[in-house]
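Coordinate analysis (summary)
Letter by letter, the chains look like this.
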Amino acid sequence: LGVTTLNETRPRKFSVPPVTIGIVISSLGPGGAERVCCKLAGQWVARGQSVTIYSFEDESARPFYELEPGVALKSLGLLRDSTTIVSAVRRNLHRIAKLRKVLRNDLPDYVLAIGPEISVLTILASRGLPARVYALERVYPDLHQTKLLWRVLRRAVYPGADTLVVQTKRIADRFGYLRRVTVIPN
């Protein structure tokens, strides 16, 4: 009646309960971060997870890398340039509001933000939502110089992420002010 003994060698099956994962990225054009995004999404779907990629591109843009069946893609139409600081602030506030609306509607368990600017916007959009947020830095910050405002925002906002994921210890050391940094090699 459901009693097992130490002599039984029957393998036990453990399953991971399905979760919903959202991946936020600026675009799905050709590039390393875009390739990683598509590969991760495909692997998670193959393991039974529900994955949605949120791209800042318009619906007319097609992914450069093939998406596995079952990976959902939501194009948010937020990838437009700004000509002045005022339009940039307005546009980024609009990006945060629209991304927050989508994330609040979909309620993913985990949100993965790829790239420094996207990570800042995603962390701000996710504040107060139940999702665990992971920011990904795919390049060494000194080689990928972002504008001063984004560097300041990154330093102020990154502590709001559940974890920052980087590729090397050298990159992790640059973010020594954060409590949760994980190194996952390329």
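An account of the accompanying structure is given in this report. Per chain, residues are indexed from 1 in the order of the written sequence. In keeping with the model being predicted, local features are shown solely for residues with a pLDDT of at least 70 and side-chain atom pairs are shown and tallied solely at 80 or more, while totals for entire chains, interfaces and linings include all residues. Side-chain figures throughout are based on the complete set of non-hydrogen atoms in the structure, without hydrogens or water.

1. Quick word on helix H4 (residues 148-157)
Among the residues of H4, Trp-150, Arg-154 and Val-157 are the ones counted as buried. Along H4, the residues classed as buried sweep out an arc of 85° about the axis, all on the same side. Residues Leu-148 and Ala-156 are exposed on H4 and point more than 90 degrees away from its buried face. Against the buried residues of H4 lie helix H2 (85-106) and helix H3 (116-126). Classification of residues uses two cut-offs on accessible area relative to the type maximum, computed with a 1.4 Å probe and protein chains only: under 20% is buried, over 50% is exposed, and between them is partly exposed. Numbering of helices and strands runs from the N terminus, with a helix taken as a DSSP run of H or I at least four residues long and a strand as a DSSP run of E at least two residues long. To be clear, the arc concerns the directions from the helix axis to the C-beta atoms. Only heavy atoms matter for contacts: two residues are in contact if any of them lie within 4.5 Å across the pair.

2. Comments concerning the layout of surface pockets
Put plainly, a pocket is an open set of points on a 1 Å grid over the protein atoms alone with protein on both sides within 12 Å along at least five of seven lines, a cavity is a set where a 1.4 Å probe fits but cannot get out, and a lining residue has an atom within 4 Å of a point. Grid points are joined across faces, edges and corners, and a volume is the space filled by probe spheres set on the points. Its volume calculated, the largest pocket comes out at about 840 Å³. Mapped by element, the contributors of at least two residues to the lining of the largest pocket are helix H1 (32-46), H2, H3 and H4. Considering each element in turn, the lining of the largest pocket owes the most residues, seven residues, to H2. Following the grouping adopted for this structure description, the nonpolar residues are Ala, Val, Leu, Ile, Met, Phe, Trp, Tyr, Cys and Pro, the charged ones are Asp, Glu, Lys and Arg, and the polar ones are all others, Gly among them. Partitioned by chemical class, the residues of the lining of the largest pocket number 21 nonpolar, eight polar and eight charged.

3. Regarding the pairing of strand E1 (residues 20-25)
With five of six residues buried, E1 is to be regarded as a mostly interior element. Note on the crossover from E1 through H1 to strand E2 (residues 50-55): the handedness is right-handed. Pairing between E1 and strand E4 (residues 110-114): four bridges, direction parallel. Within the sheet, the bridge partner assigned to Val-24 lies in E4 and is Ala-113. Seen with its strands pointing away from the viewer, a crossover is right-handed when the path leading from the first strand over the helix to the second is clockwise. Between any two strands, pairing holds if DSSP finds at least two bridges.

4. Here's the deal with the packing of H3 against H4
Angles run from 0 to 180 degrees between N-to-C directions of axes, and those axes are lines fitted to C-alpha atoms, restricted for helices to the stretch in contact. At a minimum axis separation of 10 Å, H3 and H4 run at an interaxial angle of 45°. Taken together, the axes of H3 and H4 are oblique relative to one another. Crossing hand, H3 versus H4: left-handed. Taken together, the residues of H4 that come into contact with H3 (itself represented by Pro-116, Glu-117, Val-120, Leu-121, Ile-123 and Leu-124) are Trp-150, Leu-153, Arg-154 and Val-157. Counted by class, the contact of H3 with H4 contains eight nonpolar, no polar and two charged residues. Working definition: roughly parallel below 35 degrees, roughly antiparallel above 145 degrees, roughly perpendicular at 65 to 115 degrees, and oblique for all remaining angles. Each helix crossing is assigned a hand: it is left-handed if the near helix lies turned anticlockwise from the far helix by less than a right angle, otherwise right-handed if that turn is clockwise.

5. Description of the sheet that holds strand E6 (residues 163-166)
Taking strand neighbours across the sheet as the criterion, the seven strands line up as E3-E2-E1-E4-E5-E6-E7 in an open arrangement whose pairing is parallel. Edge positions in the sheet fall to strand E3 (72-75) and strand E7 (181-183), since each of these pairs with one other strand and no more. The average angle at which neighbouring strand axes cross in this sheet is 20°, direction not considered. As paired elements, E2 and E3 share four bridges and run parallel to each other.

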